[in-house]
Structure formats: structure tokens, C-alpha cells
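Coordinate analysis (summary)
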Amino acid sequence: MAKSKDKRANRLINESSPYLLQHAYNPVDWYPWGDDALSRAKQEDKPILVSIGYAACHWCHVMEHQSFENEKIAEVMNQNFVCIKVDREERPDVDAIYMAAVHAMGLQGGWPLNVFLNSEAKPFYGGTYFQPQQWLALLRNIANAYTNNRSELNESAKQFAEHLNQSELEAYGLKQSQLQVQEEDLQKIFSSLSTRFDKKYGGFSPAPKFPMPSNYLWLLRYHHHTQDEKALKHLHLTLREMAYGGLYDQIGGGFARYSVDEEWLVPHFEKMLYDNGQLISLYAEAYQATRETLYHDVVYETIAFVERELMSSDGGFYSSLDADSEGEEGKFYTFTKDELHRLFESEEPLFSKYYHATAAGNFEHGRNILHRRISDEAFAEENELELEVLQDMVQNWKEKIMEVRANRVRPGLDDKILCSWNALMLKGLADAYYTFGNKHFLKLAIRNADFILRNLKKGNRLYHNYKNGKATIDGFLEDYALLINAFIRMYEVTFNEDWLKQAKELTDYTLENFFDEAECMFYFTDQESEKLIARKKELFDNVMPSSNSAMAINLHLLGLYFDAEHYTELSENMLSRMKDLILKEPSHLSNWAILYYYKLADTAEVAIVGPDAPEMRAEISSFYLPNMLLAGTTETSNLPLLQHREAIGGKTTFYVCFNKSCQFPVHTAAEALEQLSGKQKSEKFTAL
């Protein structure tokens, strides 16, 4: 969002975050989060206002325009408060603490998040978006109360701070016990999830609807394990409706952050890297399991979108695209019927039928969100067209729309690069290569992984952010957990052991600097990093997997790769604490539920040794085997999973094992698949 340069810049002008820079010419005397602001509050005995948002947040922009650009309101803020602006994507630790505080106050959370603190940074009141007059009145009331009722506010702040420091495990009554995994628990998890299935449009009721990829990754595994057709039916319904709806950019590829309605029609138009990385993984897995052509197309188009619009010249991925352009949400992506008629002329009626565009429009100002409802096969038959003819027309339509969009004012780009979000995209690219074998996907993945190692890793420590050649914020657990997971996948698709070495080194660093021995969980922040008023643990899966569930899965996988019993025990201890909650609230613990499935079904360890190991890997990875760990070498390896294994008779050899018991070595992918499918008799197991 462009700002007038005739105004005097505030301190945010020296920041790299696009969100903070958007506020650099506000008349508000903003500080970034840091010692300068906190020290001034103590010195001047002033309350602190912490205002938290992110660059692609529509209502953050609205509140800035209405209140933070208002001279009168800014004067009240500057006189009575030390004002701090926070980019929640740069500082998820700060955001998590003060969001938890607002929830503890019994208020609805969201962004923009505005929280009032005393001079010790302890919160006593907060809220989200306020209209200008409401905001002005609140500022005056808070300032008055801070002057005249300080002791009461400080007491409230003390109590909220104590609440924030309560153990998350204690709050939910989570205790360690011997891990017992049972088949019927998978059915309980599915039954709980299915009570909220939207059986008409997919996803979970009610609206707004977020993609929540880990829920559907779990459904894929549940169906694979049980062959329950209800799970597959709901998965197909959801993935199809998301891909047909306005949530998905029908022209340029890529998904918006969420749908405001139950039909996946009207999105909140911001496009986030973390969503698209995870959805590439989900649709790639779904294709592997079903061979549904739509899923193939979504993966290819979404990767093309990310490469075209979110990839930096040196291989990193930017964070997001704004929802707005020219001050209107969705204007870049939507069209009036007249615009379409001028563009397509005689083909416009068929285009409008295909994408459901009307004269009245389905969005603001008579504009149309382009979307589909049926397959190309069904549309071709309905309109008496050859399928190939229709597909050629659709491709031509897309190219014309992209030409028009190229001349429109683009949505704002948040060009900071975040380690954790890049890790999700890296994993998505590796998953896409694993499924489709497209070497371009692997090339993009390796380039991104190299970028991360060059710019976001120093020694065994990670940094969270990168912009303008600088990485300035210490890594959070999400950075380590998601990058470790991506590196494990990079090993599986390349058999380059450097990726596993990197994953293990990062894991050992987290155990030393993030792990709480007493509760057998990881803190979100490094013990070497800035100390806030509370040190939190992230337990619940949300739009991204929780950092603890990701670490528990990493420990499970690395325990198998390195025959490291202490990793395996930690993973099981973490899962045992969460088990009861997983059964009660699986929709917010679905990544934990995936680990539960891994423990129940016994992860298959498949080692491929011999000159054709890469080709054999490609052959076996074309099948959907969600609980399989792959290792391989063309010669010999000291990796525990590969030690003392050789290419028997000089021929590439498969070793298929479960829980330290192995089947006879075989020489073809077909034979290995037969063993993995359980068709071999149990008496053929032997210790190797």
C-alpha cells in the first residue's frame, strides 16, 4: 500500500517487514517490538498498545486507514501510550501470547489484534477491529483508567500473566502414560470428524471454511488403512469443491486463504504460501491414491502460480499476496459480464456458462468470481463438444484472462521470506516430485533448500525471517520442525544422505534448546532467544501443523532411520500425553492423529540397495503407501537402515521390514509391493 512521502516517517521506516513498512508514514509514533519501546514505557510510566496484524489482512488495512492515519486519533495514541506495531508472521511468539491473553479475557480473537499492556508488558485489555469513534473512546477510557485506577489494572494484568504462564498440559489435564494404540481409536477419530462433515459441499461446517490440509491427509490414511468408503467419498467431495470453487484461482492457479461461505465460492482473496505448500502435498497424495486427473492439474497449476508470483530470484519463496488491489478486495481476480463480453465476443456465452458468470455478478459491484461446478467431461457432453476442443478453448480463455490481469494493478506482495513457510513449500515440491516424477519440481525444491541453508541457517541454528540480505529473528520451533520434516522428505526423493544429516543435527539442537524434560514437550521459543512474559508450547494443529506434532513425527521417522531408540521413546511419550485429547478433538489435532496411525499400523521400512536404486524408488513411489519409510543407496552406506545390506548378486535389491522384522530380499518393485500389501505369509518373516 503506497504511502505519501511528504509525511514524516516514523521508526518503522527502518524495518524490513512489508506490514510494518505499510505503517511507516502513519502519524502514530510507532515502535517495532523491542527493548526501545519497552524501556520507554517503564521510563515514562505509560501503558503500551501492541497492535498486531499482517500484510495480507484486509481489516488491518481498514483500521489503519480509518484510525492510524487519522491525525486526531494518532495524537491521543501518542500522548497516552507507547505504541508498538507487530507483524504476526515475523513474531508468532508475541502474537501467540497476546492472542491467548485476549481469549483469557473472554473476547473473540482475530486480526488486527490490539492489546493494552502495563509498563511491564503484562496485558489487561484487548480486542480486534474497532471503528474510529469506538477506538477513540476506548483509548481515552484506557488512558483515564490507567491514571486513576492503576492498581486494579495492574492486578488484572498480574492475573492474566499468571494465566499465560500456566502449563498448557496442566490446563488440559494431559499426563504421560504407557502408550496403547488400538484399532477402534481410529474409528472414534473418524466418527468425531464425520459429525461436522458438510455432505453437500465438503469440508467441515459451518462457514467460514479453511482448507486445513492435515485433516484430509489423515482421512487419506484412514481410508487406506480401513477401506472405509465414507472417508474417501468426503475427501473427494472436499477436494473437488475446493478446486472448483472461488477459493481456487481458476485462471492462474493457487488457493486463497479461506472461503467466507459454505460453497467455497467467495474467498478471502489473500494467497498465503503456507496454504499453497500444504495443499500441493495434499493434492499430490490424493492423486497418488486415486489417480484423479483434477488433482494432477491442481498440483501443476499451483506450483506454476508459486513459481511465477511468489518465488524470489535466488530461490526463496515470498510470504503472501494481498486480498486487495486499488482499494477493493478481489478486484484483480474478478470480472463483470461486460468485461468478459468485450474480451471473448462470440465465445463469451460459453465462457460464462463454464465459469458461471452473470450480468448481476456473484460478488461486489456486479463482479464475478469465476468458478466451476462440473467436470470438463460433463460440461463437454452437456454442450455437445469434443473434450479436446473444450480443453483447448479453456486453455485459450485462461491465457487471455492472464493477459488482462497482467495489465491490472496487482495485489500487494509481502516479500519477506519465512523459514517455516518455505519449509512447507519445500515439502510440497518434494511430495509433488515423489508423486509425478517431474524433474522441474525437484529442481525447484533443491534450489529452495539450498537458499534456506545459505540464508536461514548458521551452524545448527535457524533464523525465522529473511529480507534484503538479512536474517534477524531467531528461529522458532515451527521453523525447525517443518524444515526437519521437509529435509526427511528430500532424502526420500534423492537418497542424498546430507538431507538426513541436516535433519538430525537440527533435531538434536531442538532437544538441547527447546525441549522441556519435565513435560516431554517442546517450547515454541529457543532458550537462547528473547525472554517474553511467558514461554509457550504449541499443541494444537491449525491451518499449519503444530510444531510439537511435527516434532513428534520427526522423532518417529528419525528414530527409524538412525535406529535411535531415544527418539522413538520421546515420540511415543509425546503422543501418549496427547492421546485422550486426540480422541476428543481430532479436528484440531489431526497431525497428531497421523502419528497415531503410524504407531498403530507399523511404519514399513523399505531399503533399496544397488545400481538402479533411484529408478526403483521412482517405481515404488508411484503407489500410495502412506506409512512407508524409504532409504536407498547405489553402493554402500553407514546409515543404520542400510548397514550390512547389499545388492545381492549385483542386482538392485529391496529389503522390506516392519518393526525390526524383515521379509526375504527381493529384486523387483512388484515383489516389494506384494510384501508391503501383506500378501506374503507371516512365516516368511526373518531377522536380517
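Structure's up top.
Residues numbered from 1 in each chain as written. Predicted model: local features only at pLDDT ≥ 70, side-chain atom pairs only at ≥ 80, totals over all residues. Heavy atoms only, no water.

A look at the overall build of the protein chain
Using the following cut-off: To qualify as a helix, a DSSP run of H or I must reach at least 4 residues; to qualify as a strand, a run of E must reach at least 2; elements of each kind are numbered from the N terminus. Our radius of gyration looks at C-alpha atoms and nothing else; its globule reference is 2.2 Å times the residue count to the power 0.38. For the accessible areas, the method is Shrake-Rupley and the probe is 1.4 Å, while residue cover comes only from the protein chains on display. Lys and Arg are tallied as positive, Asp and Glu as negative. Neither His nor the chain termini are counted. Taken as the charge centre is NZ of Lys, CZ of Arg, CG of Asp or CD of Glu, depending on the residue.
Scanning the protein chain from N- to C-terminus turns up 26 helices and 22 strands. Here the protein chain has a C-alpha radius of gyration of 26 Å; the compact-globule value for 688 residues is 26 Å, and the two agree. Overall size of the protein chain, expressed as C-alpha extent along the three principal axes, is 85 × 70 × 45 Å. When the accessible surface of the protein chain is totalled, it reaches about 27,700 Å², and 47% of it is carbon and sulfur. Across the protein chain, the centroid of the 71 positively charged side chains sits 2 Å from that of the 100 negatively charged ones.

A short note on the sheet that holds strand β2 (residues 48-53)
Note the following rule: Paired strands, in this sense, are two strands between which DSSP finds at least two bridges. Axis definition: a line fitted to C-alpha atoms, over the contacting stretch in the case of helices. Angles run 0 to 180 degrees between N-to-C directions. By definition in these notes, contact holds between two residues if any of their heavy atoms fall within 4.5 Å.
A sheet is described by the order of its strands in space; here 5 strands give the open sequence β1-β3-β2-β4-β5, paired in mixed fashion. For this open sheet the edge positions go to β1 (30-32) and β5 (123-127), each flanked by a neighbour on one side alone. Neighbour-to-neighbour, the strand axes of the sheet open up by a mean angle of 30°, direction not taken into account. In this structure, β2 lies alongside strand β3 (residues 82-87), joined through 6 bridges in parallel fashion. Looking at the pairing, V50 lines up with I84 of β3. Relative to the sheet, helix α5 (residues 92-104) contacts β2, β3, β4 (113-117) and β5, its axis offset from that of β4 by approximately 80°.

A word on the state of the cysteines
For the record, the criterion: Any two cysteine sulfur atoms within 2.5 Å of one another count as a disulfide. Think of it in three bands: with a 1.4 Å probe and only protein chains considered, a residue is buried below 20% of the maximum accessible area for its type, exposed above 50%, and partly exposed in between.
Enumeration according to the criterion identifies 2 disulfides in this entry. A sulfur-sulfur separation of 2.3 Å characterises the disulfide bridge that pairs C57 with C60. When the S-S torsion is 80°, as for the bridge of C57 with C60, the disulfide is right-handed. Of the two residues, C57 and C60, neither departs from the other in class, the shared state being buried.

Side note on the pattern of salt bridges
Note the following rule: Criterion for a salt bridge: a side-chain nitrogen of Lys or Arg within 4 Å of a carboxyl oxygen of Asp or Glu.
With the rule as written, the count across this model stands at 44 salt bridges. D249 is paired through a salt bridge with R405; the nearest N and O atoms lie 2.8 Å apart. Linking D249 in the loop between α11 (229-244) and β6 (258-259) with R405 in helix α17 (residues 387-406), this pair joins segments that are 156 residues apart in sequence. With respect to class, D249 is no different from R405; both count as buried. A salt bridge links E263 to R373; the nearest nitrogen and oxygen atoms lie 2.9 Å apart. Of the two residues, E263 is situated in the loop between β6 and β7 (267-268) and R373 in the loop between α15 (348-355) and α16 (376-382); the sequence distance between them amounts to 110 residues. On the accessibility criterion, E263 (26% relative accessible area) is partly exposed. If you follow the salt bridges from partner to partner, you end up with R11, D29, R40, E44 and K46 in one network.

Overview of the nonpolar core
Note the threshold: As used in this record, nonpolar core signifies buried Ala, Val, Leu, Ile, Met, Phe, Trp, Tyr and Cys residues forming a set joined through side-chain atoms within 4.5 Å.
In terms of nonpolar packing, the biggest core is built from 200 residues, with M77, W135, W218, Y283 and Y561 touching the most fellow members. Contacts of M77, omitting those with residues within four sequence positions, involve V28, W30, L49, F68, C83, W135 and L139. Y31, V50, L113 and A121 belong to the second-largest nonpolar core, a separate cluster that totals 26 residues.

Some details on the environment of D324
So the rule is basically this: Throughout this description, a polar contact denotes any pair of N or O atoms lying within 3.5 Å of each other; where both atoms belong to protein, one of them has to be capable of donating a hydrogen while the other can accept it, and for residues adjacent in sequence the pair is counted only when both atoms sit in side chains.
Turning to its location among the elements, D324 is positioned in strand β10 (residues 324-325). For D324, a relative accessible area of 12% translates into the label buried. Each C-alpha atom, one on D324 and one on R408, is 12 Å from the other, the two residues being 84 residues apart in sequence. Within the structure, D324 has its side chain in polar contact with the side chain of H58 (distance 3.1 Å).

A few points about the packing of aromatic side chains
Aromatic ring pairs: the centre-centre distance and the angle between the two ring planes describe each pair. As a reminder of what qualifies: Whether two aromatic rings pair depends on their centres lying within 6.5 Å, for rings of Phe, Tyr and Trp, where Trp uses its six-membered ring; planes under 30 degrees apart make the pair stacked, over 60 edge-to-face, and the rest tilted. Definition used: whenever NZ (Lys) or CZ (Arg) falls within 6 Å of the ring centre and also within 35 degrees of the ring normal, the charge is taken to sit over that ring.
In this structure the tally under the stated criterion is 44 aromatic pairs. Grouped by ring-pair contacts, the aromatic residues W30, F68, F81, F116, F130 and W135 constitute a single cluster. The ring centre of W111 lies 3.9 Å from the NZ or CZ of R88, which sits over that ring. The ring of F335 carries the charged tip of R408 above its face, separated from the ring centre by 4.0 Å.

Some thoughts on unusual backbone geometry
The peptide bond linking S205 to P206 adopts the cis configuration, its omega dihedral lying at -5°. One can find P206 in the loop between α9 (183-194) and α10 (213-226). Cis peptide bonds are those with omega within 30 degrees of zero, and the linkage from A207 to P208 qualifies with 0°. Although it is not a glycine, F495 adopts a positive phi angle of roughly 60°. Within the secondary structure, F495 is located in the loop between α20 (477-494) and α21 (497-513).

Digging into the side chain of H61
As for its placement among the helices and strands, H61 is situated in helix α3 (residues 58-68). With relative accessibility at 5%, the residue H61 sits in the buried group. For H61, the side chain forms a polar contact with the side chain of D322, separated by 2.9 Å.

Observations concerning the sheet that holds strand β19 (residues 604-609)
Sheet architecture is open: 4 strands sit in the order β20-β19-β21-β22, paired in mixed fashion. The two strands at the open ends of the sheet, each matched to only one other strand, are β20 (628-633) and β22 (661-662). Summarising the sheet, strand β21 (residues 653-658) and β22 pair through 2 bridges and their orientation is antiparallel. Within the sheet, the bridge partner assigned to C657 lies in β22 and is C662. Along the sheet, helix α22 (residues 547-561) makes contact with β19 and β20, crossing β20 at roughly 40°.

A word on the packing of α21 against α22
Each pair of packed helices can be summarised by the angle the axes make with each other and by the distance between the axes. Selection criterion: By definition in this entry, angles of less than 35 degrees are roughly parallel, angles greater than 145 are roughly antiparallel, angles of 65 to 115 are roughly perpendicular, and the rest are oblique. Take the far helix as your reference; a near helix turned counterclockwise from it by less than a right angle gives a left-handed crossing, and one turned clockwise gives a right-handed crossing. Under the convention adopted here, Pro, Cys and the residues Ala, Val, Leu, Ile, Met, Phe, Trp and Tyr are nonpolar, Asp, Glu, Lys and Arg are charged, and Gly plus all remaining residues are polar.
Running from amino to carboxyl end, α21 crosses α22 at an angle of 125°, the nearest separation of the two axes being 11 Å. By the angle class used here, α21 and α22 are oblique. Handedness of the α21/α22 crossing: left-handed. Contact residues: L500, A503, K504, T507 and T510 in α21; M551, L555, L558 and Y561 in α22. Grouping the constituent residues of the contact of α21 with α22 by class yields 6 nonpolar, 2 polar and 1 charged.

Considerations on the packing of α20 against α21
Closest axis-to-axis distance for the α20/α21 pair is 8 Å, and the angle between their directions is 160°. Taken together, the axis directions place α20 and α21 in an arrangement best described as roughly antiparallel. Once α20 is placed against α21, the crossing between them reads as left-handed. Counted together, L477, Y480, L483, I484, F487, I488, M490, Y491 and T494 of α20 and E497, W499, L500, Q502, A503, L506, T507, Y509 and T510 of α21 form the full contact between these two elements. Among the residues forming the contact of α20 with α21, the class breakdown is 13 nonpolar, 4 polar and 1 charged.

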